[in-house]
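The chain contents come next:
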Amino acid sequence: APGIGRYPEDIFDGIGYMFEGKHKSFGAGFWFLATNAMAEFLFKLIHDYENLEMIEINEKSKKFWEFIGIDYTGQVYIGDYRFDSILDAIFIKADSFIHRTKEYVIDGYMSEQFHYLTGSQMSTSDLSWSYASIISVNSARRKVLRNVEPKRCNATAYPTCPLPCKNHCGFPKNQPRCVARNAEE
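Residues numbered from 1 in each chain as written. Predicted model: local features only at pLDDT ≥ 70, side-chain atom pairs only at ≥ 80, totals over all residues. Heavy atoms only, no water.

**Student:** Quick one: what's the story with the sheet that holds strand 4 (residues 111–114), residue by residue and with numbers?
**Tutor:** Spatially, 1-4-5 is the arrangement adopted by the 3 strands of the open sheet, whose pairing is antiparallel. In the strand order of this sheet, the two ends are held by strand 1 (30–31) and strand 5 (121–125), each with one partner. Pairing of strand 4 with strand 5 involves 3 bridges; the strand directions are antiparallel. By the bridge assignment for strand 5, Gln113 is matched with Met122. (Pairing = 2+ DSSP bridges. Helix = DSSP H or I, 4+ residues; strand = E, 2+ residues; numbered from the N terminus.)

In structure tokens:
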């Protein structure tokens, strides 16, 4: 996943602004806070869909689903094998943003931004909201992993059931959220 910046026209790099011929700035970098916020949004979306028990993919939302990696149009209900596959795809995408953050954290320290080309940290060092974003995204991720239960395990959806993975999370061993849950425990 890419790093996430504040907005497309952002040119503040933590030192100054980029003005043609006046200041040598390469423009804004990606923000740890924004990158983690994207992951948190996706984890919360999983939770919302689990509660709604239905996902609708239509022309209006098609670009978002393409971003997630889903090429399907229509309604999918809980119990349908596609429902869990879609949630797993969202989970994988969310985790990819966390991995982007991890890639640029240096010895546990985070600044405000990381450079869009080199990944080197820039701008304000040890910015508290960068650290707070780690706590917040981790909380959202754990909530989703806690909700992975055997309730969706049935022979129709998963022929490998009832052979759930560790702690009966209800998914076959190759399911991403089940693997992630095992890694958590």
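**Student:** Requested: an account of the layout of surface pockets, with residues and values cited.
**Tutor:** What the largest pocket holds in volume is close to 240 Å³. In terms of lining, the largest pocket is formed by 11 residues, of which the most central are Ile98, Lys102, Ile134, Asn138 and Arg141. Of all elements in the fold, only helix 3 (81–104) and helix 4 (128–146) reach the threshold of two or more residues within the lining of the largest pocket. No other element matches the 5 residues that helix 3 contributes to the lining of the largest pocket. Taken together, the residues that form the lining of the largest pocket break down as 4 nonpolar, 3 polar and 4 charged. (1 Å grid on protein atoms, 1.4 Å probe; cavity = no way out; pocket = protein on both sides within 12 Å on 5 of 7 lines; lining within 4 Å. Points joined across faces, edges and corners; volume = space filled by probe spheres on them. Nonpolar A, V, L, I, M, F, W, Y, C, P; charged D, E, K, R; others polar.)

**Student:** Report on the side chain of Thr35, specifying residues and quantitative values.
**Tutor:** Structurally, Thr35 is set in helix 1 (residues 32–52). On the basis of relative accessible area, Thr35 is assigned to the buried category, the value being 0%. Excluding anything up to four places from it in sequence, Thr35 contacts Pro2, Gly3, Ile4, Phe97, Arg100, Thr101 and Phe114. (Buried < 20%, exposed > 50% of the residue type's maximum accessible area, 1.4 Å probe, protein only. Contact = heavy atoms within 4.5 Å.)

**Student:** Can you lay out the environment of Met54 for me, pointing to particular residues and giving the numbers?
**Tutor:** Examined against the element boundaries, Met54 turns out to sit in strand 2 (residues 54–57). Overall, the relative accessible area of 18% leaves Met54 in the buried class. With 22 residues separating them in the primary sequence, Met54 and Val76 have C-alpha atoms 5.6 Å apart. Apart from the residues within four sequence positions on either side, Met54 is in contact with Tyr49, Gln75, Val76, Tyr77 and Phe83.

**Student:** Tell me what's going on with the packing of helix 1 against helix 4, and back it up with residues and numbers.
**Tutor:** As a packed pair, helix 1 and helix 4 sit with axes 9 Å apart at the nearest point and diverge in direction by 15°. In terms of orientation, helix 1 lies roughly parallel with respect to helix 4. Like other packed secondary-structure pairs, helix 1 and helix 4 cross with a definite hand, here left-handed. Every residue of helix 4 that contacts helix 1 at Phe32, Leu33, Asn36, Ala39, Glu40, Phe43, Lys44, Ile46 and His47 is listed here: Trp129, Ser130, Ser133, Ile134, Ser136, Val137, Ala140, Arg141, Lys143 and Val144. Looking at the contact of helix 1 with helix 4 residue by residue, the classes come out as 10 nonpolar, 5 polar and 4 charged. (Axes fitted to C-alpha atoms, helices over the stretch in contact; angles between N-to-C directions. Parallel < 35°, antiparallel > 145°, perpendicular 65-115°, else oblique. Left-handed = near helix turned anticlockwise from the far one by under 90°.)

**Student:** Please provide a residue-by-residue account of the packing of aromatic side chains, values included.
**Tutor:** A complete count under the given rule lists 8 aromatic pairs for this structure. Taken together, a centroid distance of 5.0 Å and an interplanar angle of 75° make the contact between Phe64 and Trp65 edge-to-face. Note on Trp65: relative accessible area 1%, which makes it buried. Measuring from ring centre to ring centre gives 6.2 Å for Phe67 and Phe97, while their planes differ by 40°; the resulting arrangement is tilted. (Phe/Tyr/Trp six-rings, centres within 6.5 Å; stacked < 30°, edge-to-face > 60°.)

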